[in-house]
Amino acid sequence: GSIGSVIASQVAAHGPKQLILLDMYENSVYDVEHELRTTYPELSLEVLIGSVRDSRRINQVFETYQPDVVYHAAAHKHVPRMEDSPNEAIKNNVIGTYKTALAASDAGVKRFVLISTDKAVNPVNLYGGTKLVSDKLFIAANAYVGNKDISFSIVRYGNVAGSRGSVIPFFQNIINNGGKELPI
């Protein structure tokens, strides 16, 4: 996604031993891959297709690559679409996050960072509610792992200018149209 691609670029700039991208949408990750390979030709980059909802795939990725750090930005985030498809929001944002955190803990990952949203604070919609549950899972995960050497962290973003699903372009279109909302 848009936030994950920026994180990938920032990590690549620091010269990691290896960068692994996992995305369920091959077209989006293809664009990120092309940009990273062009900008950082020496980068050891693996690009994988898979879903955080698929425990077998997630476990296989962790077993094969044994990452030290995971940035988890996989989320359905379009508020009206998630209101229309609550089961998909829950499966991806909550269950997918849970499965990925569990697999990371079992695989010996050292640090797991959940990319969250300001909408998780006192949520007023389903999307915010799913992110709040994910945040709470991470808080509980630190207690659950006990003696395991893994740290679960949460970073919350607000509307990110230029990210897919941001409300900012919607408002920009209204302003550009003389204050009139454009039909969807």
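Residues numbered from 1 in each chain as written. Predicted model: local features only at pLDDT ≥ 70, side-chain atom pairs only at ≥ 80, totals over all residues. Heavy atoms only, no water.

1. Some details on the side chain of Ser116
Tracing the backbone shows Ser116 in strand 4 (residues 111-117). What makes Ser116 buried here is its relative accessible area of 5%. Ignoring anything within four residues of it in the chain, the contact list for Ser116 reads Lys131, Asp135, Ile154, Val155, Arg156 and Tyr157. (Helix = DSSP H or I, 4+ residues; strand = E, 2+ residues; numbered from the N terminus. Buried < 20%, exposed > 50% of the residue type's maximum accessible area, 1.4 Å probe, protein only. Contact = heavy atoms within 4.5 Å.)

2. As for the pattern of salt bridges
Here the structure, examined in full by the defined rule, presents seven salt bridges. Arg53 is the salt-bridge partner of Glu88, the closest N and O atoms lying 2.8 Å from each other. You can see Glu88 sitting in helix 5 (residues 86-107) and its partner Arg53 sitting in the loop between strand 2 (45-49) and helix 3 (55-65), a full 35 residues away along the chain. Here Arg53 falls in the partly exposed class, since its relative accessible area comes to 23%. (Salt bridge = Lys/Arg side-chain N within 4 Å of Asp/Glu carboxyl O.)

3. Section: the packing of aromatic side chains
Tallied over the entire structure, the rule returns three aromatic pairs. Here the aromatic rings of Phe112 and Phe152 are separated by 5.8 Å at their centres, their planes lie at 40 degrees, and the arrangement is tilted. Note that Phe112 is positioned in strand 4 and Phe152 in strand 5 (residues 151-157), a separation of 40 residues in sequence. Its relative accessible area of 0% is what places Phe112 among the buried residues. The buried category is assigned to Phe152, whose relative accessible area is 7%. Joined through ring pairs, the aromatic side chains of Phe112, Phe138 and Phe152 make up one cluster. (Phe/Tyr/Trp six-rings, centres within 6.5 Å; stacked < 30°, edge-to-face > 60°.)

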